Amino acid sequence: MNEILKLDNVEKYYGNKANLTKAVDKISFSVEKGEFVGIMGASGSGKTTLLNCISTIDRVTAGHIYVGDKDITTIRGNELNKFRREELGFIFQVPNLYPWLTIRENIMLPLKIHKLKGEQYEKKADDLLAYVGLQKYADSYPNEISGGMSQRIGVIRAMIHNPQILMMDEPFGALDEDTRETLNVELVKIWRDTGMTIIFITHNIEEAVLLSQRVYVMSSHPGQVKTELTIDFGEKERDLDLLSDPKFAQYCTQIEQLIGHLALDEIK
């Protein structure tokens, strides 16, 4: 085993003493280096809160999060900035490209923020653009490319500094189904080629099954991990041909029934 991420009884509260809301409750799980892990659950189950705690955008109220042998719940200041710069990449629901910057400049923006300079980074930006087939758009502006292209840029921008863990918060949710499926297949290729560890939040069950090696299903109020499901297709490639595989349908049905059961429990 080569554990890269471990959550130990993580809790997160919002509000003040008079009106506290527990967003996530005693969450514990681990992720292996190079693993693709999906996190699913209804709205309000704390998926994004959990991702924000891992990324240190939010600080945990209780519990610990370890990346490698480092307890990231205790680090502050320059050590925290160094951790964010070297270890993490974050992809949001929308790519948030700056319209006044070219595509290449948008990709290199994290390097500017983290004060990383050099020809090797410029070459990395061009290599990543070529990898996703968008090198001819390097000097274009965001309003000159499609939504699918913009999200590709968001993905490779998060990879420009070679993070150990890539965290994705429903990155393809706003795209049409065909574009989403295409980007899912491209993401699998990126994952296979780079060996990067990916944590992926989605509401889309088929997307979770197609991409993930393991799926954590969360319940709400407060958010808790209720089930861990291993997704195993053996030696089969994770491509769109899997959509017609009976095993794929079985996994989807299993997760759908589980989420539905959890939702009914919360209504009662």
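Asker: Give me the overall build of the protein: which residues, what numbers.
Answerer: If you tally the helices and strands in the protein, you get eight helices and 10 strands. On C-alpha atoms alone, the protein measures out to a radius of gyration of 19 Å, which is about the 18 Å that the 2.2 N^0.38 rule sets for 268 residues. Expressed as lengths along the three principal axes of its C-alpha atoms, the size of the protein is roughly 55 × 50 × 35 Å. Expressed as a percentage of contacts within the protein between residues at least 6 apart in sequence, the contacts between residues at least 24 apart total 70%.

Asker: Now, about helix α5 (residues 147-157): what can you tell me, with residues and values included?
Answerer: Counting buried residues along α5, 10 of its 11 residues qualify, which places the element largely inside the surrounding structure. Turning to α5, its buried residues are G148, M149, S150, Q151, R152, I153, G154, V155, I156 and R157. On the buried face of α5, the contacting elements are β6 (88-91), α3 (103-113), α4 (119-131), β7 (165-169) and α6 (177-194).

Asker: Please give an account of the packing of aromatic side chains that cites residues and values.
Answerer: Summed over all chains, the structure comprises eight aromatic pairs. A centroid spacing of 4.5 Å and a plane angle of 35° characterise the contact between F90 and F92, whose relative ring orientation is tilted. For F92, a relative accessible area of 38% puts it in the partly exposed group. Measuring from centroid to centroid gives 6.3 Å for F233 and F248, while their planes differ by 25°, and the two rings are stacked. Taken together, the residues F233 in the loop between β10 (224-230) and α8 (246-267) and F248 in helix α8 connect sequence positions 15 residues apart. Overall, the relative accessible area of 7% leaves F233 in the buried class.

Asker: Residue-level account of a negative patch on the surface, with values.
Answerer: A cluster of acidic residues, D176, E177, D178 and E206, forms a negative patch on the protein surface. Among the residues examined, D176 registers a relative accessible area of 46% and is labelled partly exposed.

Scoring rules and cut-offs
Residues numbered from 1 in each chain as written. Predicted model: local features only at pLDDT ≥ 70, side-chain atom pairs only at ≥ 80, totals over all residues. Heavy atoms only, no water. Helix = DSSP H or I, 4+ residues; strand = E, 2+ residues; numbered from the N terminus. Rg over C-alpha atoms; globule rule 2.2 N^0.38 Å. Contact = heavy atoms within 4.5 Å. Buried < 20%, exposed > 50% of the residue type's maximum accessible area, 1.4 Å probe, protein only. Phe/Tyr/Trp six-rings, centres within 6.5 Å; stacked < 30°, edge-to-face > 60°. Patch = residues over 30% accessible without salt bridge, like charges linked within 9 Å, V, L, I, M, F, W, Y side chains within 5 Å. Areas by Shrake-Rupley, 256 points an atom, 1.4 Å probe, with all protein chains shown as cover. Salt bridge = Lys/Arg side-chain N within 4 Å of Asp/Glu carboxyl O. Lys, Arg positive; Asp, Glu negative; His and termini not counted. Charge placed at Lys NZ, Arg CZ, Asp CG, Glu CD.

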